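Residue-level structure breakdown
Below are the chains, spelled out letter by letter.
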Amino acid sequence: MLHGIDVSVFQSSSYGTDGLSFAFIKATEGRSYVNPRLTAQTKTARDAGLVVGFYHFLWPGDLTAQAEYFLRHAPDRAGDILAVDWETTGDGTHASNAEKDRFLRKLKELRPHNRVVLYCNRHFWLDLDTTSYAGDGLWIADYVTAGKPRIKAKWRFHQYTSEPHDKDVADFASKAALKEWATP
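The rules behind each value
Residues numbered from 1 in each chain as written. Predicted model: local features only at pLDDT ≥ 70, side-chain atom pairs only at ≥ 80, totals over all residues. Heavy atoms only, no water. Buried < 20%, exposed > 50% of the residue type's maximum accessible area, 1.4 Å probe, protein only. Helix = DSSP H or I, 4+ residues; strand = E, 2+ residues; numbered from the N terminus. Contact = heavy atoms within 4.5 Å. Phe/Tyr/Trp six-rings, centres within 6.5 Å; stacked < 30°, edge-to-face > 60°. Lys NZ or Arg CZ within 6 Å of the ring centre and 35° of its normal. Polar contact = N/O pair within 3.5 Å; in protein donor to acceptor, adjacent residues only side chain to side chain. Pairing = 2+ DSSP bridges. Salt bridge = Lys/Arg side-chain N within 4 Å of Asp/Glu carboxyl O. Lys, Arg positive; Asp, Glu negative; His and termini not counted. Arc of directions from axis to C-beta.

The next subject is helix H2 (residues 63-73). What H2 keeps buried is the set Leu63, Gln66, Ala67, Tyr69, Phe70 and Leu71. The secondary structure elements touched by the buried residues of H2 are strand S2 (22-29), strand S3 (33-34), strand S4 (51-57), strand S5 (81-85) and helix H3 (97-110).

Before going further, it helps to examine the packing of aromatic side chains. Taken as a whole, this structure holds eleven aromatic pairs when the rule is applied. Between the aromatic rings of Trp86 and Phe124, the centroid separation amounts to 5.0 Å while the plane-to-plane angle is 90°, which identifies the pairing as edge-to-face. Here Trp86, found in the loop between S5 and H3, pairs with Phe124, found in helix H4 (residues 122-128); they are 38 residues apart in sequence, far enough to count as distant. Following the ring pairs from residue to residue traces out a cluster consisting of Phe22, Phe24, Tyr55, Tyr119, Trp139, Phe157, Phe172 and Trp181. Note that Lys100 overlies the ring of Trp86, its terminal NZ or CZ placed 5.2 Å from the centroid.

Attention shifts here to the environment of Lys26. Among the secondary structure elements, Lys26 is positioned in strand S2. The exposure class assigned to Lys26 is buried, which follows from its relative accessible area of 11%. Between the C-alpha atoms of Lys26 and Arg111, which are 85 residues apart in sequence, the distance is 18 Å. Discounting chain neighbours no more than four positions away, the residues touching Lys26 are Val7, Ser8, Tyr33, Asn35, Leu38, Tyr55 and Phe57. Of the polar contacts made by the side chain of Lys26, one reaches the side chain of Glu29; its length is 2.6 Å.

Another point: the pairing of strand S6 (residues 115-121). The buried count for S6 comes to five of seven residues, which makes it a mostly enclosed element. Strand direction decides the pairing type here: S5 and S6, joined by five bridges, are parallel. Bridge pairing links Asp85 to Tyr119 in S6. Two strands pair when backbone bridges link them, and S6 and strand S7 (residues 137-141) are joined in this way by five bridges, in the parallel orientation. Bridge pairing links Leu118 to Leu138 in S7.

A separate point is the environment of Ser8. When you line up the elements, Ser8 lands in the loop between strand S1 (2-7) and S2. Put simply, Ser8 and Asn35 are 27 residues apart on the chain and 6.7 Å apart in space, counted from C-alpha to C-alpha. With sequence-adjacent residues up to four places away left out, Ser8 is seen in contact with Lys26, Asn35, Gln41 and Tyr55.

Let's shift gears to the pattern of salt bridges. A full pass over the atoms with the stated rule returns eleven salt bridges. For Asp76, the salt bridge identified is with Arg111, shortest N-O distance 3.4 Å. Of this pair, Asp76 sits in the loop between H2 and S5 while Arg111 is found in the loop between H3 and S6, placing the two residues 35 residues apart along the sequence. According to the relative accessible area criterion, Asp76 is exposed, its value standing at 54%. By sharing partners, the salt bridges in this structure join Lys100, Asp101 and Asp129 into a single network.

What follows is about the side chain of Glu99. The topology assignment puts Glu99 in helix H3. Nearest to the buried, unbridged Glu99 among oppositely charged side chains is Arg102, at 4.7 Å. Within the structure, Glu99 has its side chain in polar contact with the backbone nitrogen of Gly61 (distance 2.9 Å). Setting aside chain neighbours within four positions, we find Glu99 in contact with Leu58, Pro60, Gly61 and Leu63.

Further remarks concern helix H5 (residues 175-182). By the burial criterion, the buried members of H5 are Leu178, Trp181 and Ala182. On an axial view of H5, the arc spanned by its buried residues comes to 95°, and they lie on one face. Opposite its buried face, H5 presents the exposed residues Ala176 and Glu180, each directed more than 90 degrees away. Buried residues in H5 make contact with S1, S2, S4, S5, S6 and strand S8 (157-161).

What follows is the structure, given as structure tokens:
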């Protein structure tokens, strides 16, 4: 299993990369927020030779506009991974299953040279998801032993803790295998 991290404005732009194979970086949220540390956090990951992913925090409504907004800010590079962060918003709402699915499909349509994955927590996957559509792979959040999320579905990435920051593992035999998968 490979180790990785996911970062947002709450983490330093010069986060530690020792022992990591990949990093997911928050790029955007809704149609108006861009992570002010996006460029610097991306540079840290690329300088360390990590496989890089970018994620968009999804809000309900106007999915095409959100997808276009995300892709205007997430670097356009083959081999980068794109993710949609599907969870409860700051006002207590969440995108519907249909909206989540449309967003994932729109990303795949607009960036066919990138893998697209769904990030959600165990509750969303087991209790709210009705389609089991996760694009090219599922990134599941379940704070248990690394690599042992409590779901039956096939997953690619597992966020297993948020202490002291979000830590993840990837279900790939090697960094080379992850790189190969990430470049469809």
